[in-house]
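# Structure at a glance
The residues making up each chain are set out below.
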Number of protein chains: 2
Amino acid sequence: MLGNFIFYNPTKLYFGDKAQENLAEAVKPFGNKVLVTYGNGSIKRNGIYDDVMKALKEAGKEVVELPDVMPNPTYFKVDEGIKCIKVNEIDFILAVGGGSTIDYAKAISVAAGYDGDPWQHFWVEQNDPAPDAKIVPVGAVLTMVGTGSEMNGGSVITNHKQKLKIGKVFDSRVFPKFAILNPKYTYSVPKHHMVAGIFDIMSHIMEQYFSGDDDNTSDYIAEGLMRSLIESSRVAVKDPHNYEARSNIMWTATWALNRLIGMGKSQDWNVHMIGQAIGAHTDATHGMTLSGVSLAYYRYIMEGGLHRFARFAKVVWGINPEGKTEVELADAGLIALEEWMKEIGVATEVSSLGVNEGNIEGIADATFGMRGGYKQIKRDDVVKILKSSL
Amino acid sequence: MLGNFIFYNPTKLYFGDKAQENLAEAVKPFGNKVLVTYGNGSIKRNGIYDDVMKALKEAGKEVVELPDVMPNPTYFKVDEGIKCIKVNEIDFILAVGGGSTIDYAKAISVAAGYDGDPWQHFWVEQNDPAPDAKIVPVGAVLTMVGTGSEMNGGSVITNHKQKLKIGKVFDSRVFPKFAILNPKYTYSVPKHHMVAGIFDIMSHIMEQYFSGDDDNTSDYIAEGLMRSLIESSRVAVKDPHNYEARSNIMWTATWALNRLIGMGKSQDWNVHMIGQAIGAHTDATHGMTLSGVSLAYYRYIMEGGLHRFARFAKVVWGINPEGKTEVELADAGLIALEEWMKEIGVATEVSSLGVNEGNIEGIADATFGMRGGYKQIKRDDVVKILKSSL
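The structure presented is a predicted model; accordingly, all values stated were derived computationally and were not measured. (Residues numbered from 1 in each chain as written. Chains lettered and ligands numbered in written order. Predicted model: local features only at pLDDT ≥ 70, side-chain atom pairs only at ≥ 80, totals over all residues. Heavy atoms only, no water.)

## Re the pairing of strand 9 (residues 178-181) of chain A
Residue and element names in this part refer to chain A. Burial along strand 9 is two-sided: the face carrying Phe178 and Ile180 and the face carrying Ala179 and Leu181 are both buried. Examined bridge by bridge, strand 6 (residues 138-142) and strand 9 share 4 bridges and lie parallel to one another. Across the sheet, the residue bridging to Leu142 is Leu181, located in strand 9. (Buried < 20%, exposed > 50% of the residue type's maximum accessible area, 1.4 Å probe, protein only. Helix = DSSP H or I, 4+ residues; strand = E, 2+ residues; numbered from the N terminus. Pairing = 2+ DSSP bridges.)

Encoded structure:
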């Protein structure tokens, strides 16, 4: 049953192979000094950097650059961004990159206006910015698909000193004001990262879907998104320049995590919690940490959500339920998931990510177990799940 | 393939059986003088009027009332609203009702700031408001479900003098700033109007879905919405106070026509065009005009979109394709649609709406045929479709 909720998502999305033509117009309202933040500089090789600088020049902006945002952006790097915003009196932050870069831009947009310890206040204690908080507006040019960060308030930051990777979901004031979504901008992403992104999307959908057993429109939308993603991912791994497939994947990613399919329903999110703990200990690619733990996790909790797992098998994977018990049907759905994961080439066991007997206890310590799923997960459950995936 | 598009939908939705508790907070930012517009006064009998007035009082607003908005709101009534806004120097319009009332509020919100002939300019010539146009902001309290007007720019107005019913889709400046969506507010809607609304939703989805034969995420989302709507409608017709079903129907309605499932794809919309022409000639309930013409229309165009109609049968209605030709499968989908329509009790022929040999030609004259569907519909096609449904 749909519970009470507020849905408000004012991010303006420019989608398509001509999306960047809107950038100059999109940044115009946001003040003169623009901080352009990006990753390792691949955008200088594939032409995206040039597109962005041309648009900012056209809009008459003064540009400051902050490169070298790493995958799994660190709190150390956030500190650098805070100083950069203050010293340069930045009016607007333009993140050019994937989820890490956009998450980072949101982090510094909020942290720069907070006088205390932002890590402790926003990430550890999960506070929201004050009603009158100064938040530097953010825009995004997406170059890698998966996290959905382009249309939400999520900001996952890793603190290496504390061995913690924590996601904070900020309110709509922190959502990107706009995002430029050009599927062709994702063509040059290496296959490893493309498929990790695809699994990140699938995981976002599954972690909202595998909770509750009521009749809820959100779950039907989730099924549609999963069916589209599976179809398009199969095309994209064989033909990464297939525009239709890449555009469907990009659009699915945005709607997988902009709050829509979680509205009014309980959610799980333990795969992300365990995955983030693995990430903090191994620095493995985010999507791979999720795929690595998913099969073990869902098999561990399946019994508590049998109806939903059976529905997943039937609706999402098209498995004929005739002649199968509910358990057999549910099992068949997870087997289909596993086969698809192998087909697209993502990790199916945590051992491949650098998880071993030596760090399992530390990962379990760093996992914040969430309520809301089909089974309440405690520390020893995390250990069991990880061990079953070695 | 997803084409280039901009998605921007800044309407804030408050959903649930406690949604109205947010009304005072939601109206606060919008100036002192609030015009409350509503229909025939049923809101005074079911308590919604009292909820609204209490919230406006709490927010310290000065209230002007404009009742008696009719189903299929007329341009004559729009004129009254324009005068009312000017005389009372209205800052904000709160529409309390269904699609007709909200469409009406949007119409007067734009028309009051335009110096020329608003009917000719916005509806007949389909112009957009000027960049610096004065638009009175609108909010909505939804009491009847179907049109999706609570989260879009649509405004359908009927001009009786000209025997025209025309929809104008305004840009995001005209979207409601917020909408209060309480499923319980829809409980007292008579069954005739409830099921007409349900078919209106189904029609919105089908008219975006039955176009193109590419692989497009939007169509997968549409299938999810249709599956949810069919399921919930079957519960709601038997048990109108079933909160789960009514809330799913309400939520589906919003997402069926807030642009999401039409993004980047071709669309049809001829059922609405013919339905609106029927409405202008008969004043029949909007959803019934759509249901009345749909079966005849889709059977008329089916051949041109055989793959999609077969997919509709398989995915939306769960029909087993084994042993069926594509035509047989597509046919079976439309038979399932027809059976469902009879089950929930909507019109399946235009004859039941007052269409007859005498007014068919006039209806065909008043129909604006749209391109984008599986068959280009001209005037004589409309006549054939209507005749086949007598």
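Next, the rest of the story.
## Quick look at the relation of the copies chain B and chain A
Aligned on chain A, chain B shows an RMSD of 0.0 Å; the corresponding rotation is 180 degrees and the shift along the axis is 0.0 Å. Accordingly, the operation relating the two chain copies is best matched by a two-fold axis. Measuring from the rotation axis to each C-alpha of chain B, the shortest distance belongs to Pro10 of chain B, at 2.2 Å. Both copies share a contact surface, since 100% of the interface residues of chain B are interface residues in chain A too. (Least-squares fit on C-alpha atoms with pLDDT ≥ 70 in both. Contact = heavy atoms within 4.5 Å.)

## Description of the sheet that holds strand 1 (residues 5-7) of chain B
The sheet built from 7 strands is open, its strands ordered 4(A)-3(A)-5(A)-6(A)-9(A)-2(A)-1(B) with mixed pairing. Among the strands making up the open sheet, the edge pair consists of strand 4 (62-66) of chain A together with strand 1 of chain B. Put simply, the sheet's adjacent strands are angled 20 degrees from each other on average, direction ignored. Taken together, the 5 bridges between strand 5 (residues 92-97) of chain A and strand 6 of chain A define a ladder with parallel strand orientation. Opposite Ala95 of chain A, over in strand 6 of chain A, you have Ala140 of chain A as the bridge partner. Strands strand 3 (33-38), strand 4 and strand 5 of chain A of the sheet are contacted by helix 4 (residues 75-88) of chain A, whose axis makes an angle of about 160 degrees with strand 4 of chain A. Packing against the sheet, helix 9 (residues 243-256) of chain A makes contact with strand 2 (12-15), strand 6 and strand 9 of chain A together with strand 1 of chain B, and its axis sits at approximately 170 degrees to strand 2 of chain A. (Axes fitted to C-alpha atoms, helices over the stretch in contact; angles between N-to-C directions.)

## Comments concerning a positive patch on the surface
A contiguous patch of positive charge on the surface is contributed by Arg371, Lys375, Lys378 and Lys384 of chain A. By relative accessible area, which is 53% here, Lys378 of chain A ends up exposed. (Patch = residues over 30% accessible without salt bridge, like charges linked within 9 Å, V, L, I, M, F, W, Y side chains within 5 Å. Areas by Shrake-Rupley, 256 points an atom, 1.4 Å probe, with all protein chains shown as cover. Salt bridge = Lys/Arg side-chain N within 4 Å of Asp/Glu carboxyl O. Lys, Arg positive; Asp, Glu negative; His and termini not counted. Charge placed at Lys NZ, Arg CZ, Asp CG, Glu CD.)

## A closer look at the packing of helix 7 (residues 191-209) of chain B against helix 12 (residues 306-316) of chain B
Residue and element names in this part refer to chain B. It is at 11 Å that the axes of helix 7 and helix 12 come closest, and there the two elements cross at 140 degrees. When the axis of helix 7 is compared with that of helix 12, the two are oblique. Between helix 7, through Met202, Met206 and Tyr209, and helix 12, the contact on the second element is made entirely by Arg308, Arg311 and Phe312. Per-class residue counts for the contact of helix 7 with helix 12 are 4 nonpolar, no polar and 2 charged. (Parallel < 35°, antiparallel > 145°, perpendicular 65-115°, else oblique. Nonpolar A, V, L, I, M, F, W, Y, C, P; charged D, E, K, R; others polar.)

## Section: the pattern of salt bridges
Going through the model one piece at a time under the given rule, you end up with 32 salt bridges over all chains. One salt-bridge network, held together by shared partners, links Asp17, Lys18 and Lys184 of chain A.

## A word on the confidence of the model for chain A
Taken residue by residue, chain A gives an average pLDDT of 96. The fraction at 70 or more is 100%. If you check the scores for this complex, the pTM reads 0.97 and the ipTM reads 0.96. (pLDDT = per-residue confidence, 0-100.)

## Focus on the interface of chain B and chain A
Contacts between chain B and chain A engage 45 residues on the former and 45 residues on the latter. Between chain B and chain A the total buried area reaches about 3,800 Å² when both faces are included, carbon and sulfur atoms providing 59% of it. Counting across the interface, chain B meets chain A through 2 salt bridges. Across the chain B-chain A interface, the total number found is 20 residue pairs in polar contact (both at pLDDT 80 or more). (Buried area = accessible area lost by both parts, 1.4 Å probe. Polar contact = N/O pair within 3.5 Å; in protein donor to acceptor, adjacent residues only side chain to side chain.)

## A look at helix 4 of chain A
Residues and elements named next belong to chain A. The terminal C-alpha atoms of helix 4 lie 20 Å apart, and with 14 residues this matches the ideal 20 Å at 1.5 Å per residue to within 8%. Within helix 4, the full set of buried residues consists of Tyr75, Lys77, Val78, Gly81, Ile82, Cys84 and Ile85. End-on view of helix 4: buried residues confined to an arc of 165 degrees, all on one side of the axis. The exposed residues of helix 4 that point more than 90 degrees off its buried face are Phe76, Lys83 and Val87. One or two steps after helix 4, the chain reaches Glu89, where phi turns positive at roughly 50 degrees. (Expected span 1.5 Å × (residues − 1). Arc of directions from axis to C-beta.)

## Quick look at the nonpolar core
By size, the foremost hydrophobic cluster in this structure holds 236 residues, and its most contacted members are Trp251 of chain A together with Trp251 and Phe312 of chain B. If sequence neighbours within four positions are ignored, Phe312 of chain B has contacts with Met202, Met206, Tyr209, Phe210, Met226, Trp317, Gly333, Leu334 and Leu337 of chain B. (Core = buried A, V, L, I, M, F, W, Y, C linked by side-chain atoms within 4.5 Å.)

## Details of the environment of Lys54 of chain B
Tracing the sequence through the fold places Lys54 of chain B in helix 3 (residues 48-58). Sequence-wise, Lys54 of chain B and Ala26 of chain B are 28 residues apart; in three dimensions their C-alpha atoms are separated by 13 Å.

## Observations concerning unusual backbone geometry
Comment: phi is negative for the bulk of residues other than glycine, and the bulk of peptide bonds are trans. If you check the backbone angles, Lys163 of chain A has positive phi at about 50 degrees while not being a glycine. Its place among the elements puts Lys163 of chain A in the loop between strand 7 (154-159) and strand 8 (164-169).

## Some points on the sheet that holds strand 2 (residues 12-15) of chain B
Here 7 strands make up an open sheet; going across it, the order is 1(A)-2(B)-9(B)-6(B)-5(B)-3(B)-4(B) and the pairing mixed. Single-partner strands in this sheet number two, and they are strand 1 (5-7) of chain A together with strand 4 (62-66) of chain B. Neighbour to neighbour, the strand axes of the sheet diverge by 20 degrees on average, direction disregarded. Bridge analysis of strand 2 of chain B against strand 9 (residues 178-181) of chain B gives 4 bridges, and the strand direction is parallel. If you follow Phe15 of chain B over to strand 9 of chain B, its bridge partner there is Leu181 of chain B.

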